[in-house]
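# Architecture and fold: a report
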Amino acid sequence: MQKDKGVLIYANNNEVTDYEYIARANAERIRKLTGLDTHIITTGAVQGGIRSFGGKVQPWFNGSRPSAYNDTPFAKTVLIDADYIISSNQIMKLFDHDKDFLLHTDAYDITGRNALSGHRTFGELGTPMAWATVVYFTQSEFAKQVFIMVEHIFKNWELFAELYKFKKHPYRNDFAFTIAVMTVSGHRPITDHAIPWPLMTVPIDCDVAYDQYSCKITTDRKTIKVNDIDCHVMNKESLCKTL
C-alpha cells in the first residue's frame, strides 16, 4: 500500500564520503521537524562519473536519480540530496502546491559571497539551469514522462552534451532534469515548475556546525549563524563531523 507523502534520498558511499551516515542523520532531523517518513536507498549505485570536492577526487554515484519515480514508496515525494540538510518544516509547503513537478530554478550562496554566480546557465548555449538537489513530484503522468525523459538523457548523455554544448563528463542531474522538464512541458520556461524559494547553499570552502534548528557557518573571513533554514551543504567532510 502506497504511503501518502514522504522524502526520498539516495545514499551511496564512496571511499571519501559516508553518504549513508549523512542521510540517516538527516532523516532523523526530517522526522523531528516535519513528521515525514524518509525512504533511503543505499543499494544499486549507478556511477555518473568522477569529480573533485575539496581537492579529493572521488566517484560520483549520481546515476540512480532517474529511477526515483519507480523507486519511491510515496504518492507525493520530496526527493533530496543526502546533503540537503533540513532545519525547518518548509518542505511541507510543497505538498500543497498545484504543480505535479517542482525543482529549484534559483540558488543562493548563504554566505553572501555570490559563489554560485557562474551556475545560472549551462553549456555554450547558455541554457537556464534548474537544480535537481530538491525535486517534488507526484505519481502523475507529467512527472512520469519527466523521469522517462531523464532516463533517456542519462542513457544518451554524450548526444545531449553535443546538442546543448556542455562537457560530456561527468553526468549532471541538474542538466538532465532541466532538459527533461523543458521538453515534457513543450519547451516552456523552466520557471513554470520552480520551487517558490531559492536553494540555499553553503559553498565548499565553508565549515558547518549544526544543532537541531540552526547552523553555524564559518568562512575564511567570518562566522554566521542561520536559523530554521534548509541548506545544501557542499563540504561533506565538515558535515559528517557535525551531524
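The following paragraphs examine the structure supplied in this document. (Residues numbered from 1 in each chain as written. Predicted model: local features only at pLDDT ≥ 70, side-chain atom pairs only at ≥ 80, totals over all residues. Heavy atoms only, no water.)

Turning to the sheet that holds strand 12 (residues 199-202), a few remarks are in order. With mixed pairing, the 4 strands of this open sheet are ordered in space as 6-16-12-8. What marks the edges here is a single partner per strand, and that holds for strand 6 (84-85) and strand 8 (107-109). Relative to strand 12, strand 8 is paired through 3 bridges, and the arrangement is parallel. Opposite Asp 109, over in strand 12, you have Thr 201 as the bridge partner. (Pairing = 2+ DSSP bridges. Helix = DSSP H or I, 4+ residues; strand = E, 2+ residues; numbered from the N terminus.)

Turning our eyes to something else, we now look at the environment of Lys 167. Among the structural elements, Lys 167 can be located in the loop between helix 4 (157-164) and helix 5 (173-184). In this structure, the C-alpha to C-alpha distance between Lys 167 and Gly 63, residues 104 residues apart in sequence, is 17 Å. In this structure Lys 167 touches Trp 157 and Ala 161, once residues within four positions along its chain are discounted. (Contact = heavy atoms within 4.5 Å.)

This brings us to the packing of aromatic side chains. Per the counting criterion, the structure on display carries 13 aromatic pairs. Summarising the aromatic geometry, the rings of Phe 95 and Tyr 136 are spaced 5.8 Å apart at their centres and angled 90° between planes, so their arrangement reads as edge-to-face. Placement of Phe 95 in the loop between strand 6 and strand 7 (101-104) and of Tyr 136 in strand 11 (residues 131-138) is noted, with a sequence separation of 41 residues between them. The ring of Phe 95 is capped by Lys 5, whose NZ or CZ atom sits 5.3 Å from the centre of that ring. The residue whose ring lies beneath Arg 172 is Phe 175, and the NZ or CZ to ring-centre distance is 4.7 Å. (Phe/Tyr/Trp six-rings, centres within 6.5 Å; stacked < 30°, edge-to-face > 60°. Lys NZ or Arg CZ within 6 Å of the ring centre and 35° of its normal.)

For the rest of this paragraph, the subject is the nonpolar core. Ranked by internal contacts, the top residues of the largest apolar core, which has 75 residues, are Ile 80, Leu 94, Phe 101 and Phe 137. A total of 7 residues in this core trace back to one element, the largest contributor, which is helix 5. Apart from residues lying up to four places away in sequence, Ile 80 is in contact with Val 7, Leu 8, Ile 9, Asn 26, Ile 30, Arg 65, Ile 86, Thr 133 and Val 134. (Core = buried A, V, L, I, M, F, W, Y, C linked by side-chain atoms within 4.5 Å. Buried < 20%, exposed > 50% of the residue type's maximum accessible area, 1.4 Å probe, protein only.)

Its location among the elements puts Ser 214 in strand 14 (residues 214-218). The buried category is assigned to Ser 214, whose relative accessible area is 4%. A distance of 2.6 Å separates polar atoms of two side chains, one belonging to Ser 214 and the other to Asp 211. Apart from the residues within four sequence positions on either side, Ser 214 is in contact with Ala 209, Lys 225, Val 226 and Asn 227. (Polar contact = N/O pair within 3.5 Å; in protein donor to acceptor, adjacent residues only side chain to side chain.)

Here 5 strands make up an open sheet; going across it, the order is 2-1-5-11-7 and the pairing mixed. The sheet is open, and its two borders are formed by strand 2 (37-41) and strand 7, each paired with just one other strand. Taken pair by pair, the neighbouring strands of this sheet meet at an average axis angle of 20°, ignoring direction. Against the sheet, helix 3 (residues 141-155) engages strand 7 and strand 11, with an angle of about 55° to strand 7. (Axes fitted to C-alpha atoms, helices over the stretch in contact; angles between N-to-C directions.)

With that settled, the discussion passes to the pairing of strand 15 (residues 223-227). Judged from the 5 bridges that link them, strand 14 and strand 15 form a sheet pairing that is antiparallel. For Cys 215, the partnering residue across the bridge sits in strand 15 and is Val 226. The hairpin formed by strand 14 and strand 15 contains 4 residues between the paired strands.

So, about helix 5. Taking 1.5 Å of rise per residue, the 12 residues of helix 5 would be expected to cover 16 Å, and the 16 Å separating its terminal C-alpha atoms lies within 8% of that figure. Counting buried positions along helix 5 gives 10 out of 12 residues, so the element sits mostly inside the fold. Along helix 5, the residues that are buried comprise Asn 173, Asp 174, Phe 175, Ala 176, Phe 177, Thr 178, Ile 179, Ala 180, Val 181 and Met 182. Summarising the contacts, the buried residues of helix 5 are in contact with strand 7, strand 9 (121-122), strand 10 (127-128), strand 11, helix 3 and helix 4. A positive phi of about 80° marks Gly 186, the residue just after helix 5. (Expected span 1.5 Å × (residues − 1).)

Geometric values such as these leave the question of function open.
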